[in-house]
Amino acid sequence: MMRMQLLVLAAILGLSSAQYDPHFKNGRTSIVHLFEWRWEDIALECERYLAPNGFGGVQISPPNEHIVLDYPWRPWYQRYQPIGYNLCSRSGTEAELINMVERCNNVGVNVYADVVINHMCGAGGGEGRHSSCGSYFSATRLDFPTVPYSNLDFNDGKCSTGSGNIENYQDIYQVRDCRLVGLLDLALEKDYVRGKLADYLNKLIDIGFAGFRVDASKHMWPGDLDVVYSRLNTLNTRWFQGGAKPLIFQEVIDLGGEPITASEYFGLGRVTEFKYGAKLGTVIRRWNGEKMSYLSNWGEGWALVPSDRALVFVDNHDNQRGHGAGGASIITFWDSRLYKIAIGFMLAHPYGLTRVMSSYRWNRNIVNGADQNDWIGPPSYSDGTTKPVSINPDTTCGDDWVCEHRWRQIRNMVIFRNVVNGQPFSNWWDNGNNQVAFGRGNRGFVVFNNDDWNLDVTLDTGMPGGTYCDVISGQKEGNSCTGKQITVSSDGKVHFSISNVEEDPFVAIHADSKL
Ligand code: AAO
């Protein structure tokens, strides 16, 4: 009886499922990863762009102090080598971080931190060096006085490989107890280490963060993570409801073929679904005989994790440059036409919690399929400090910031997803090849032509009759369309024609794009 009452109470307070809940404001539905942006630029972006365009939240690069690498020169990945949990990083100072979180929260845009808690810097990180905050450390002696961690706080004794590194992903003990690419592996079984990690995350929660991407979760035992998460505070009530728990999405790469599966982490929070971008990329590229018509049962039907456990994306900061996993099928901004189709499909489809990538351009140098310049950091001055994100008169970004989230087609599909939020997947149509269409109840409809011939068909959209603006070729402005105009007849039918040579071979309409 007592247990029953507790369950009812938990349900009323919404406690039971809160680790999965992004706590979005105002019916918003998507996260954007502003990879390597400065805190000051993110604050500005929340106010001038993300809030007005309905973005629910932003994922930031790791906010903690990190190693500073001279060779290669200031690679982006130096931020995945923590030295401690002070909050000064390549993106800015602690004061700038706090200011950013406050300003984003004030306009209803949530902030999620990328937290690196599996390890510290690489074993080769040397002796007598200083972090991005100027803290002294010794990788050689496993001494990180700013936390402090000593040689007692690492897993080395538990790892049985000769190199001390993970050598075989088929061995779950190696994956959890050995060093991931030589990174000093923290002993999360120790109460002391768990306490330090919980303190770090709680510091971020109290500042006003809404949740975490937990880096390298596959390399930590679920039981250890459970203890750390159970010690977390509820979100700051200045911006969030009392009792709200942080969103947790765990980086677990599960493409199949390894003994560690994403499902081991479902009880703790969401997981990053890497099959999503790998498979969708294969379909949109039309590799291996895949066709968009096969997407009629996209989601769990494709052996993806349950929708309410998934954080989904077309590409991420690793696999857009050949790190991590996903392989050659991953579509990125470098293939902009296919990328817009893939992101358009992702944002129209109800499956998963969606994350849009926002990148910077770098000088690629691909030799035998591998990019020799996969390490290059964000647009920077010669001293290694990151350049501000400049905004062009046409609202795109300059200085090699790609700002995919500002591409009209992508931004408008982020809005589409908000407008159709909660509506069922409906009115699917396909031509047996790569022309497909579907609706979201009576609130939105989208049509793709990824074949090598024109699309010319009359479809049932389920939408109320009227004239709508296509939000891909343009959008509604005042009482007219800047792009294509779509007429829905009183019975919900539309005649669509989309040429296969159009730059954007798809059309989307929604309730708010009606004239
Ligand atoms: C850098 C240097 C290293 C140096 C190290 C220490 O590059 O040479 O040894 O410093 O000094 C990032 C960079 C790393 C960088 C690191 C630290 O990517 O290059 O190392 O910062 O600065 C695994 C992990 C996954 C991880 C991914 C990169 O499971 O957690 O590797 N991602 C996160 C971050 C990432 C970051 C770290 C973790 C570390 O997003 O940015 O690293 O904080 C298999 C496994 C995967 C495994 C991949 C890659 O994947 O399943 O779990 O990911 O291998 O090792 C098929 C399979 C697929 C397989 C794939 C590749 O697709 O289906 O399962 O092949 O084999």
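Values in this document were obtained by computation on a predicted structure and should not be read as measured data.

**Some words on the pattern of salt bridges**
And then number 1: In total, this model carries 29 salt bridges according to the counting rule given.
And then number 2: Residue Arg-231 is joined to Asp-191 by a salt bridge in which the shortest nitrogen-to-oxygen separation is 2.5 Å. Here the residue Arg-231 occupies a position in the loop between α6 (222-230) and β9 (247-250), and Asp-191 occupies one in helix α5 (residues 191-207), the gap between them amounting to 40 residues.
And then number 3: For Asp-191, a relative accessible area of 47% gives the class partly exposed.
And then number 4: Where Lys-340 meets Glu-503, a salt bridge forms, and the shortest distance between an N and an O atom there is 3.0 Å. A residue pair is termed long-range when its members are at least 10 positions apart, and Lys-340 in helix α8 (residues 336-348) and Glu-503 in the loop between β23 (493-498) and β24 (506-510) qualify at 163 residues.
And then number 5: Each of Asp-114, Arg-213, Asp-215 and Glu-251 takes part in one network of salt bridges that share partners.

**Structural notes on the site of the ligand**
And then number 1: Around the ligand, a shell composed of 24 residues is seen, among which Lys-218, His-219, Glu-251, Glu-258 and Asp-318 lie nearest.
And then number 2: In this structure, an oxygen atom belonging to the ligand sits 2.9 Å away from a side-chain N or O atom of His-119.
And then number 3: Between the ligand and His-219 there is a distance of 2.6 Å, counted from an oxygen atom to a side-chain nitrogen or oxygen.
And then number 4: A total of 1,100 Å² of accessible area belongs to the ligand in isolation, and the protein chains cover 72% of it.
And then number 5: Among the residues making up the shell around the ligand, the classes are represented as 11 nonpolar, 7 polar and 6 charged.

**Focus on the state of the cysteines**
As used in these notes, a disulfide is a covalent bond between sulfur atoms, one from each of two cysteines.
And then number 1: By the definition in use, this model includes 5 disulfides.
And then number 2: The side chain of Cys-46 participates in a disulfide bridge whose partner is Cys-104; the two sulfur atoms lie 2.1 Å from each other. Because the sign of the S-S torsion sets the handedness, a value of about 90° for the bond joining Cys-46 and Cys-104 places this disulfide among the right-handed ones. Taken together, the residues span a long stretch of sequence, with Cys-46 in helix α2 (residues 39-50) and Cys-104 in helix α3 (residues 94-106) at a distance of 58 residues.
And then number 3: Here Cys-469 is linked by a disulfide to Cys-481, with a sulfur-sulfur distance of 2.1 Å. Taking the torsion about the sulfur-sulfur bond, which here is approximately -85°, the covalent link between Cys-469 and Cys-481 counts as left-handed. Here Cys-481 lies in strand β21 (residues 480-481) and Cys-469 lies in strand β19 (residues 466-469), a separation of 12 residues in the sequence. The pair Cys-469 / Cys-481 is uniform in exposure class, with both members buried.

Parameters and conventions
Residues numbered from 1 in each chain as written. Predicted model: local features only at pLDDT ≥ 70, side-chain atom pairs only at ≥ 80, totals over all residues. Heavy atoms only, no water. Salt bridge = Lys/Arg side-chain N within 4 Å of Asp/Glu carboxyl O. Helix = DSSP H or I, 4+ residues; strand = E, 2+ residues; numbered from the N terminus. Buried < 20%, exposed > 50% of the residue type's maximum accessible area, 1.4 Å probe, protein only. Near = heavy atom within 4 Å. Polar contact = N/O pair within 3.5 Å; in protein donor to acceptor, adjacent residues only side chain to side chain. Areas by Shrake-Rupley, 256 points an atom, 1.4 Å probe, with all protein chains shown as cover. Nonpolar A, V, L, I, M, F, W, Y, C, P; charged D, E, K, R; others polar. Disulfide = S-S within 2.5 Å.

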